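# Residue-level structure breakdown
For reference, the chains in residue letters:
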Amino acid sequence: MSSIIPIVVAIAALAFIALRKTGRLGPPGYRRERDAALMISPAAAPTLRLLPLPGDVGLVAARELRVRVRGRAFRVGTLLVLLIVSGAIVIPALIGSKATAARVGVAGPLSAPVRAAVVADGHAFGGTVDLVAEPGEQAAAADLRAGRIDLAVIDGRRIVTNKPVSASDTSATAQLTRAVASTVGTGEALQAAGLTPAQAAVIAGARALPVSSLQPGRPGTTQRNTSYVGLLVLFFMLTQYNAWTLTGVIEEKSSRIVEVLLAAIPPARLLAGKVLGIGLAAFLQAGLAVAVAVTEARAVHSDALNGLTPLTVAATLTWLVLGYAFYAWVYAAAGSTVDRQEQAQSLLIPLGLPVILGYFVASTAALSGNPSVLVQVLAYLPPTAPFAMPVLVSLGAASWWQFALSAAISVAGTVAVARAAGAVYRASILRTGPRVPFRELLTR
Amino acid sequence: MSRLELDGLTRRYGPVTALDHLSFSVSSGQVTGFLGPNGAGKTTAMRAVFGLTALDSGTVRWNGRPVTLAERRRFGYLPEDRGLYPGMLVGEQLEYLGRLHGLSPAAAAAAAAGWLDRLGVAGRAGDKVESLSLGNQQRVQLASALVHNPDLLILDEPLSGLDPAGIDTVGETLAAHAHAGKCVLFSSHQLDLVEDLCESVVIIDQGQVVTSGTVDDLTTRGRPRLVVRVAGDRDGAWARSLAGVTVSENDGGALRLVLDPPADPQSVLRAAFTAGPVEEFAVRRRRLSEVFREAVAHGGSGRRQATRSETGAAR
C-alpha cells in the first residue's frame with residue numbers, strides 16, 4: 001500500500017502541471033482592480049523597497065515575487081501543498097485515534113495509588129485512560145459488551161475484557177490490558193504486604209528504566225512517515241518552482257519584453273533577479289507549509305511530527321534551497337531556447353527526469369526505512385541530492401560531514417550550472433524562430 | 001545638444017552582411033526618420049544601439065563616447081514586437097520599467113500616471129495589458145518607452161497598425177519629445193507620414209546608408225520638377241518631344257515633368273503656351289517616396305533578396 005503512494009503523488013503532480021500548461025484548468029483569472037487611483041499611488045512601492053537587494057537585480061526579483069504571490073498559480077499551488085501536508089498529518093491521526101483514549105471500568109474497591117498507576121499506564125502507551133465507576137460486575141459486563149468500556153477491573157482481583165486477549169495480540173487494547181493486569185496485581189499485592197499508602201504509591205509508580213544502545217536502531221514508522229512527508233513536499237515544491245522558472249523565462253521571451261528589459265539591464269542580472277524572485281516566492285510558500293504543519297500536528301496531537309527533529313526540518317529546508325538553486329538555472333536556460341509556451345511541454349518531461357528519479361529512489365528508502373546503496377550514491381549528486389540527503393538525515397544514516405560534503409558538491413555544481421546557463425541564456429534569449437540547437441549554443 | 005553616432009557598424013550572419021559599415025548620426029531637437037526596404041538592416045541597427053546585436057565591428061557613441069550602461073538606461077526603446085507583460089497591470093508595468101531605467105519609486109509612479117493621462121488611457125492603470133484594446137495597448141507601449149523621459153528615443157515601426165487618431169497621437173508625442181531637446185529616431189514604411197513627421201531622414205539599403213539629410217534638402221535637391229496642365233491636351237504629346245524633359249506621370253492631363261539640361265522651367269513654359277491655354281503650372285518638390293525609390297533603386301536586387309531572407313532567419 002505505502003509503495004504506491006509516491007507513484008500516485010508523482011502522477012498527480014505531473015498531471016496538474018501538464019494541465020496548467022495546456023491551459024485546461026483555464027487561463028489565469030482576470031480580476032479588474034476597481035480603484036485605479038489606489039494602483040497608481042505609491043502603495044505598491046513598499047514591496048519594492050522591502051528587499052535590501054542591490055539595484056536592478058532587486059527590482060527584477062521584487063517584481064517577480066509580487067507577480068508570483070498575486071498569481072493564481074501560487075494560490076492553487078500553496079493550497080495543494082497545504083492539502084498534502086494536512087492530509088499527511090490529520091489522516092493518520094484520525095485513523096489512529098482509537099488507541100488514544102481508553103476507558104477502564106472499575107467495579108468494587110480499588111485503592112487510590114493503584115487507580116493512579118492504571119491512569120499512568122495509559123500515558124505510557126501514548127494515550128489517556130479514563131476510569132469509569134461501575135456499580136457491579138453485571139453492569140461492567142454490560143458496558144463491555146456495548147463497547148462503552150475497553151476493559152474492567154473487578155474488585156481489584158480480576159480483569160475482564162469483551163474479546164479474548166492472547167499474548168501475541170499487539171493491539172492497543174491488548175497492550176493496555178496486559179499492563180493494567182500487571183499494575184493492579186502488583187498494586188494489590190503491595191497493599192496486602194502491609195505497606196503504607198505512600199510506600200505503595202512509590203513502588204506502584206515504578207517503571208522499567210529507559211534502554212539506549214550504542215548502535216543506532218532502525219527508525220520506527222513515525223520517523224519514516226515524517227521523512228516521507230518532507231520528501232513529498234520537497235518533490236511537489238521543486239517541480240512547481242521549476243515550472244515557474246521555465247514559463248517565466250518563456251513569457252518574457254515570447255512577449256518580447258525581454259528586448260526592452262535587456263536594453264536596460266545585463267542578461268546575467270536579469271536572470272539572477274528572476275531566479276531570486278521566484279525563489280523568494282517559493283520559500284514563502286515553504287515557510288507557510290512548515291508553519292501549518294507544526295500547528296496542525298499540535299492541534300490533533302498527531303505523532304507524525306514527533307520524529308521531526310529540528311535537524312530534519314533544517315535538512316529538508318536546506319535542500320529545498322540547494323535543489324531550487326541548482327534546478328532554477330537549468331530550467332531558465334532551457335526556457336530561453338524556445339519561443340512559445342507550447343514548447344515548454346517538450347522540455348518539462350526530459351528536465352523532470354532527474355527530479356523524478358531522485359524522488360522515487362529516496363521515497364523507497366524513506367518508506368522502507370532502509371537506505372540502499374543507490375540512495376547513498378545519489379545523495380552526493382547535485383540533481384538527486386535534494387531528495388536523497390534529507391532522507392539519509394532523517395534515517396540517521398548520514399553524519400554531519402557527509403551532509404556538508406554533499407552540500408558543498410551541490411553548491412559547486414550550482415555555480416557551474418549557473419555559468420553554463422548564463423551563457424546559454426545570453427546566446428538564445430534574443431533569438432526567435434526555430435528552437436536554438438544545443439550544439440550552436442556551445443560553439444558561440 | 002546631444003548626439004547619437006553609429007560608426008562603422010558591421011554585423012554578419014554567416015555569409016550575409018546585415019550591417020555593412022553603417023555610419024550615421026542623430027541629433028537632438030528634431031525627429032529623424034529611419035527608412036529602408038525590408039531587410040535593409042534597420043532593426044539590426046536599432047538593436048545595436050541597445051547592445052542587443054552582437055557587432056562584428058563598429059561603435060555606437062553617445063556625445064562622442066562609447067555608450068555606457070548608465071547612459072543606455074537613459075535611452076528608450078520601442079521594439080517592433082512591442083514587449084509588455086500581458087498579465088501585468090498597466091500602471092505597475094510602467095512603474096517597473098521606469099524604475100529599471102533608474103527612476104525613484106515616487107518619480108516612476110508619477111511618470112506612469114502622467115503618461116497614461118497624457119495618452120488618454122489614465123482610467124486603465126489598474127487593468128491587465130491583455131484586457132486592453134489593440135489601440136490602447138499601443139498607447140501603453142508608447143508610454144513604456146517614454147516613462148523615464150529618455151534622452152534618446154528609438155522606435156521600431158511605431159506607426160504600423162495605428163488608426164489616424166493613433167498616428168496623430170504618436171506624431172505629436174514624438175515631435176514634443178524632440179522639441180524638448182531629446183533625440184528621436186523611428187523607422188517606418190509609411191513614407192508620406194514620415195515626410196510630415198520628420199525634420200530629417202536616414203535611408204539605408206543592404207546595411208549601408210544610401211541617402212541622408214533634412215527632408216527639405218532631400219525633396220528640393222536634384223533635378224527640377226514641374227506640374228503642367230494644358231487645356232484640351234490629355235496626352236501631353238507637346239512635352240514628350242522637348243529635349244531634356246521626361247514625363248514621369250500623367251494624371252488626367254496634369255503632367256509631372258522631370259527636367260534635365262538643356263531644359264529649364266522657362267523653356268517648358270514657352271512650349272506649353274504654344275501647345276494651348278496653360279491651366280496649371282507649378283514647380284514641385286520631390287516627394288519623399290520618390291527620393292526613397294531613387295536612392296534604393298541603385299542597389300543590386302539579387303543581393304537584397306539574400307539579405308532579406310537571411311536576416312529573417314537569423315533574428
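## Examining the overall build of chain A
Of the regular secondary structure elements, chain A holds 18 helices and four strands. Long-range pairs, those at least 24 residues apart, make up 78% of the contacts in chain A between residues at least 6 apart in sequence. Surface accessibility of chain A: about 21,500 Å² in total, with carbon and sulfur atoms responsible for 66%.

## A word on the packing of helix α4 (residues 55-70) of chain A against helix α3 (residues 90-100) of chain B
Two elements in contact, α4(A) and α3(B), have axes separated by 10 Å at closest approach and are oriented at 165°. In terms of orientation, α4(A) lies roughly antiparallel with respect to α3(B). For the pair α4(A) and α3(B), the sense of crossing is left-handed. Along the contact surface, α4(A) presents A:D56, A:L59, A:V60, A:R63, A:R66 and A:R70, while α3(B) presents B:E92, B:Y96, B:R99 and B:L100. Across the contact of α4(A) with α3(B), the residue classes break down as four nonpolar, no polar and six charged.

## Quick look at the interface of chain A and chain B
Contact residues are listed per partner, giving 36 residues for chain A and 38 residues for chain B. Counting the contacts that link chain A with chain B gives four salt bridges. Close ionic contact of A:D56 with B:R73 constitutes a salt bridge, the shortest N to O distance being 2.4 Å. Counting only elements with at least two residues in the side of chain A that touches chain B, the list comes to α2 (36-40), α3 (45-50), α4, α10 (221-254) and α11 (257-262) of chain A. No other element matches α4(A), which puts seven residues into the side of chain A that touches chain B.

## A look at helix α8 (residues 172-192) of chain A
Residue and element names in this part refer to chain A. In a regular helix each residue adds 1.5 Å, so 21 residues correspond to 30 Å; α8 covers 30 Å between its end C-alpha atoms and thus fits that length. For α8, the complete set of buried residues consists of A174, L176, T177, A179, V180, T183, V184, G187 and L190. Following α8 by one or two positions, G194 adopts a phi angle in the positive range, close to 90°.

## Overview of the pairing of strand β3 (residues 31-35) of chain B
All names here are of chain B. Among the five residues of β3, five are classified as buried, and the element is accordingly described as predominantly covered. Here β3 shows two buried faces, one formed by V31, G33 and L35 and the other by T32 and F34. Bridge count between β3 and strand β8 (residues 183-187): four bridges; the pairing is parallel. Counted as the bridge partner of G33 is F186 from β8. The sheet contact formed by β3 and strand β9 (residues 200-205) spans four bridges and is parallel. Among the inter-strand pairings, F34 is bridged to a residue of β9, identified as V202.

## Side note on the side chain of A:T384
Mapped onto the secondary structure, A:T384 falls in the loop between α15 (373-378) and α16 (385-394). When neighbours within four sequence positions are excluded, A:T384 is seen to be in contact with A:P354, A:L357, A:G358 and A:L378.

## A look at unusual backbone geometry
In this structure, the amide linkage connecting B:P261 to the following residue, B:P262, adopts the cis form with an omega of 5°. With respect to the element layout, B:P262 can be found in the loop between β13 (254-259) and α10 (265-275). Here A:R256, not a glycine, exhibits a phi torsion of approximately 65°, which is positive. Take A:R256: it is sitting in the loop between α10 and α11. Within the chain, B:N63 stands out as a residue other than glycine whose phi angle is a positive 55°. If you trace the backbone, B:N63 turns up in the loop between β4 (57-62) and β5 (65-66). Residue B:N63 is classed as partly exposed on the basis of its relative accessible area, which comes to 40%.

## Overview of the packing of aromatic side chains
Within this structure, the stated rule accounts for 15 aromatic pairs over all chains. A centroid spacing of 6.1 Å and a plane angle of 85° characterise the contact between A:F283 and A:Y324, whose relative ring orientation is edge-to-face. Taken together, the residues A:F283 in helix α12 (residues 267-299) and A:Y324 in helix α13 (residues 310-335) connect sequence positions 41 residues apart. On the basis of relative accessible area, A:Y324 is assigned to the buried category, the value being 3%. Cluster of aromatic residues (ring-pair linked, three or more members): A:F74, A:Y241, A:W244, A:F283 and A:Y324. For the cation-ring pair, A:R63 lies above B:Y85, with the distance from its terminal atom to the ring centre recorded as 3.6 Å. The positively charged end of B:R118 is found above the aromatic ring belonging to B:W115, 4.1 Å away from the centroid.

## A closer look at the confidence of the model for chain B
Of the residues in chain B, 94% reach a pLDDT of 70 or more, and the chain-wide mean stands at 86. Contacts of residues 300-315 of chain B to residues separated by more than four positions or lying in other chains number 25 contacts, the stretch itself having pLDDT below 50.

## A few points about the environment of B:H177
Residue and element names in this part refer to chain B. In this fold, H177 is placed in helix α6 (residues 164-179). Once the C-alpha coordinates of H177 and N149 are considered, the two residues, 28 residues apart in sequence, prove to be 8.4 Å apart. The contact partners of H177, leaving out residues within four places of it in the chain, are L146, N149, P150, L153, K182 and V184.

## Comments concerning the nonpolar core
Counting residues in hydrophobic clusters, the biggest one holds 164 residues, and the most contacted among them are A:L261, A:F387, B:L4, B:V49, B:I154 and B:V201. Examining the composition of this core, we find that 16 residues originate from one element, α10(A), more than from any other. Within the second largest apolar cluster, 14 residues are counted, among which are B:L226, B:W238, B:V245 and B:L255.

## Observations concerning the environment of B:A263
Residue and element names in this part refer to chain B. Residue placement: A263 occurs in the loop between β13 and α10. Since its relative accessible area comes to 15%, A263 is described here as buried. Between the C-alpha atoms of A263 and P224, which are 39 residues apart in sequence, the distance is 9.6 Å. Sequence-distant contacts of A263, that is, excluding residues within four places in its chain, are made with A243, G244 and V245.

## Digging into the environment of B:G135
Residue and element names in this part refer to chain B. Mapped onto the elements, G135 comes out in helix α5 (residues 134-146). A residue is classified by how much of its surface remains accessible, and G135, at 28% relative accessible area, is partly exposed. Along the backbone, G135 and L162 are 27 residues apart, and their C-alpha atoms lie at a distance of 6.8 Å.

What counts, and at which threshold
Residues numbered from 1 in each chain as written. Chains lettered and ligands numbered in written order. Predicted model: local features only at pLDDT ≥ 70, side-chain atom pairs only at ≥ 80, totals over all residues. Heavy atoms only, no water. Helix = DSSP H or I, 4+ residues; strand = E, 2+ residues; numbered from the N terminus. Contact = heavy atoms within 4.5 Å. Areas by Shrake-Rupley, 256 points an atom, 1.4 Å probe, with all protein chains shown as cover. Axes fitted to C-alpha atoms, helices over the stretch in contact; angles between N-to-C directions. Parallel < 35°, antiparallel > 145°, perpendicular 65-115°, else oblique. Left-handed = near helix turned anticlockwise from the far one by under 90°. Nonpolar A, V, L, I, M, F, W, Y, C, P; charged D, E, K, R; others polar. Salt bridge = Lys/Arg side-chain N within 4 Å of Asp/Glu carboxyl O. Expected span 1.5 Å × (residues − 1). Buried < 20%, exposed > 50% of the residue type's maximum accessible area, 1.4 Å probe, protein only. Pairing = 2+ DSSP bridges. Phe/Tyr/Trp six-rings, centres within 6.5 Å; stacked < 30°, edge-to-face > 60°. Lys NZ or Arg CZ within 6 Å of the ring centre and 35° of its normal. pLDDT = per-residue confidence, 0-100. Core = buried A, V, L, I, M, F, W, Y, C linked by side-chain atoms within 4.5 Å.

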